[in-house]
Amino acid sequence: MRLSEKNLSLLPANVRRPSYDRSRIAASIVHLGIGAFHRAHQALMTEAVLDSGDLAWGIVGAGMQSSGMRDALRPQDGLYSVTEFGADFERISVVGAIVDVLGGAEDAEKVRLLAKMSDAGTRIVSITVTEKGYYLDLATGKLLVQSPAVAADLANPAVPRTILGLIVYALRNRRAAGLPPFTVLSCDNLPNNGKLARAAVLAFARELDAELAAWIEAEVRFPCTMVDRITPATTDADRAHAAERLGMEDAWPVVTEQFAQWVIEDDFSMGRPDWTLGGAVFSDEIERWESMKLRCLNGSHSTLAYLGQLTARETVAEAMQLPLITGILDALWRENREVLQAPKGVDPADYVEQLKQRFRNPALKHRTAQIASDGSQKLPPRLLAPLRERLAKGWPSPAIATAIAAWMHFAAKAAYAGGALSDPMSAEILAQAGKSAEAAAIVDNLLAIEKIFARDLLTHTAFRAEILGKFVDLAKNPAVATAGQIRVRV
Ligand code: CS2
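Fair warning: this is a prediction, and the values are worked out from it, not measured in the lab. (Residues numbered from 1 in each chain as written. Predicted model: local features only at pLDDT ≥ 70, side-chain atom pairs only at ≥ 80, totals over all residues. Heavy atoms only, no water.)

Here's the deal with the overall build of the chain
Threshold: Per the convention used, a helix needs a DSSP run of H or I reaching at least four residues, while a strand needs a run of E reaching at least two, with both numbered from the N terminus. C-alpha atoms define the radius of gyration in this analysis, and the globule rule sets the expected value at 2.2 Å times the number of residues to the power 0.38. Burial here depends on accessible area, computed with a 1.4 Å probe over protein chains only, as a share of the maximum for the residue type. Under 20% is buried, over 50% is exposed, and the range in between is partly exposed. Working rule for contacts: check all heavy atoms of both residues, and any pair within 4.5 Å makes them a contact. What sets the accessible areas is the Shrake-Rupley method with a 1.4 Å probe; for residues, cover comes only from the shown protein chains. A residue counts as positive if it is Lys or Arg and as negative if it is Asp or Glu; His and the chain ends are not included. Charged groups are reduced to one reference atom each: NZ for lysine, CZ for arginine, CG for aspartic acid, CD for glutamic acid.
Helix and strand counts for the chain come out as 20 helices and 13 strands. Relative to the globule expectation of 23 Å for 490 residues, the C-alpha radius of gyration of the chain, 23 Å, shows essentially globular dimensions. Summarising its shape, the C-alpha atoms of the chain cover approximately 70 × 55 × 45 Å along the three principal directions. Counting across all 490 residues of the chain, residues that qualify as buried make up 57%. Of all intrachain contacts in the chain linking residues separated by at least 6 positions in sequence, the fraction that spans at least 24 positions is 76%. Surface summary for the chain: the accessible area is close to 18,700 Å², and the carbon and sulfur share equals 51%. Distance between charge centres in the chain, computed from 54 positive and 57 negative side chains, equals 3 Å.

Shown next as structure tokens:
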């Protein structure tokens, strides 16, 4: 038996389920990048809105690269389960907010998606495509016009594959039809995510049509948001657990933590749901919320991931058992806090304590390999931003330097093993990391990648000495996988 509209009534009594009539929902939100995170976060908060009786805000989800989610959820009428785990807490809910899933690999689906976005009923287009889905050079903020995906979308308006092509062509259709523009709501882990989305969309539009770009600039709203909920990729064990609780199969359940936070700038052109019903907060302090979260949570997550990968710790909770790692994290949090501007009413010390509890959550099998992906995209906002603020004050940053050195070891390890990295810049990183087996050369060759490090760090004498020192410390530590493989000149 499989989860579906027809089988809802057969769920055990302790499973939460939609309290409203799904056939009456208006699907006014299109979500680009329908993965586990969106389904554990925005979709669940939207579920609370629907449960309150406001049925104006159903979601049409879209896969950007693969059709996997569509194939899993369509036979289930869009229904799926979310299991939330806290220290002494477990709750399972079946969510009805996603009314359809489009998109994926096939051209015909992209055409349907574009038509849905161009439709008068679409009021919000929200996005979770990760950092690389914006096609921005994060060191300069410029659009990667040469990237094959962007070039293809500029050349082929009928079947756009990137969020930029989809948004710009849909807005062009709406303008031509005299329809108001939807709001573009970025929910990715980027500082000023709305502003970055706007910059990428405008740069793409300018390549096509200056007038259209000017219209977008004047008319389209791109609120910034801070999103937070640790949601690991679903495993087979999660599928089995959900099936047992539901008494039926769910092809793609979501497992997440109890904690959830969503802070949103209240700037929507065609209305918005009252997401506060699901726990969201509207605020004009997004930049502070976002930088606290990115640096304290995601920065330490990346640090844990690279050090965890180097010390054979498969999950975050396992990595949190290793004093070598927790010692570096404590120092990293101190370095971050010294340059942090916390939102009003938030005590950063409490925030960090709560993070430690969240990272230790044994119910979440959050793989360090998953977080270690896309380092080229994650390092700049998570680690290099606070680093530059500290360098400007002339302060040393041994913990941030260790974190970056750990990423360098991680890259060197992959280069020596002849493997690949899950990173859009894998080829370039591995070429630089594998050029030499000598510590100083590896550090310099990697620091020379301008798309990640810009130009200032390689030539900063004090920082270069600091990171080399930390890189050498790791190379000499027998607990680290690359120890013995890297030559250290004395
Ligand atoms: C993680 C995030 O994979 C990663 O890079 O740091 O996905 C993290 O789990 C979320 O941002 C938590 O809100």
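What about the site of the ligand?
The criterion, for reference: We call a residue near a molecule or strand as soon as one heavy atom of that residue lies within 4 Å of the molecule or strand. Identification of polar contacts relies on pairs of N or O atoms within 3.5 Å, with a donor-acceptor requirement for protein atoms, meaning one able to donate a hydrogen and the other able to accept it, and with residues adjacent in sequence counted only if both atoms are side-chain atoms.
Contacts to the ligand come from Asn189, Asp228, Arg229, Ile230, Lys293, Asn298, His301, His366, Ile371, Lys378 and Arg382. Between the ligand and Lys293 there is a distance of 2.6 Å, counted from an oxygen atom to a side-chain nitrogen or oxygen. Contact between the ligand and His301: an oxygen atom at 2.7 Å from a side-chain N or O atom of the residue. Relative to its unbound accessible surface of 350 Å², the ligand loses 88% to contact with the protein. Looking at the shell around the ligand, the elements with two or more residues in it are helix 10 (286–310) and helix 15 (375–392). Among the elements that line the shell around the ligand, the one with the most residues is helix 10, at 3 residues.

What to know about the packing of helix 16 (residues 398–417) against helix 18 (residues 439–447)
Heads up, the condition is: Lines fitted to the C-alpha atoms define the axes, with helices restricted to the stretch that makes contact. Angles between their N-to-C directions range from 0 to 180 degrees. Orientation labels follow simple angle bins: below 35 degrees gives roughly parallel, above 145 gives roughly antiparallel, 65 to 115 gives roughly perpendicular, and whatever is left gives oblique. Residues are grouped as follows: Ala, Val, Leu, Ile, Met, Phe, Trp, Tyr, Cys and Pro are nonpolar; Asp, Glu, Lys and Arg are charged; every other residue, Gly included, is polar.
Running from N to C, helix 16 and helix 18 cross one another at 100°; their axes reach a closest spacing of 11 Å. As far as their axial angle goes, helix 18 and helix 16 are roughly perpendicular. Two secondary-structure elements touch here, helix 16 through Trp407, Met408, Ala411 and Tyr416 and helix 18 through Ile442, Val443, Leu446 and Leu447. Here the residues of the contact of helix 16 with helix 18 are counted per class, giving 8 nonpolar, no polar and no charged.

Here's the deal with the packing of aromatic side chains
Where we set the bar: The rule is short: rings of Phe, Tyr and Trp, with Trp giving its six-membered ring, pair when the centres are within 6.5 Å, and they are stacked under 30 degrees, edge-to-face over 60, tilted in between. Consider the ring centre and the ring normal. A charge sits over the ring if Lys NZ or Arg CZ is within 6 Å of that centre and within 35 degrees of that normal.
This structure, assessed with the given rule, holds 6 aromatic pairs. With centroids separated by 6.0 Å and ring planes inclined at 85°, the aromatic side chains of Tyr169 and Phe204 adopt a geometry described as edge-to-face. With a gap of 35 residues between them, Tyr169 in helix 6 (residues 163–176) and Phe204 in helix 7 (residues 193–208) connect regions that are remote in the sequence. Note on accessibility: Tyr169 and Phe204 belong to one class, buried. An aromatic cluster is defined as three or more aromatic residues linked by ring pairs; in this entry it consists of Trp262, Phe268 and Trp275. Its guanidinium or amino end placed over the ring of Tyr80, Arg39 lies 4.7 Å from that ring's centre, counting from NZ or CZ. Here the basic side chain of Arg358 rests over the ring of Phe259, its NZ or CZ set 3.7 Å away from the ring centre.

A look at the packing of helix 10 against helix 13 (residues 348–360)
Selection criterion: Should the near helix be turned anticlockwise from the far one by less than a right angle, the crossing is termed left-handed; should it be turned clockwise, right-handed.
Two elements in contact, helix 10 and helix 13, have axes whose closest approach is 11 Å; the angle formed by their N-to-C orientations is 40°. Handedness of the helix 10/helix 13 crossing: right-handed. Residues Met292, Lys293, Cys296, Leu297, Ser300, His301 and Leu304 of helix 10 lie in contact with helix 13, whose contacting residues are Tyr351, Leu355, Arg358 and Phe359. Residue classes in the contact of helix 10 with helix 13 are distributed as 7 nonpolar, 2 polar and 2 charged.

Digging into the pairing of strand 3 (residues 80–86)
Along any regular strand, the residues point their side chains to alternate faces of the sheet. Condition: Should DSSP find at least two bridges between two strands, the strands are regarded as paired.
Within strand 3, 7 of the 7 residues are buried, which leaves it mostly tucked inside the rest of the structure. Residues Tyr80, Val82, Glu84 and Gly86 point to one face of strand 3 and Ser81, Thr83 and Phe85 to the other, with burial holding for every one of them. Pairing analysis gives 7 bridges linking strand 3 to strand 4 (residues 89–95), with the strands arranged antiparallel. Bridge pairing in strand 4 places Gly86 opposite Phe89. Between strand 3 and strand 4, which pair antiparallel in sequence order, lie 2 residues. Across 4 bridges, the pairing between strand 3 and strand 11 (residues 254–257) is parallel. Across the sheet, Val82 pairs through a bridge with Val254, a residue of strand 11.

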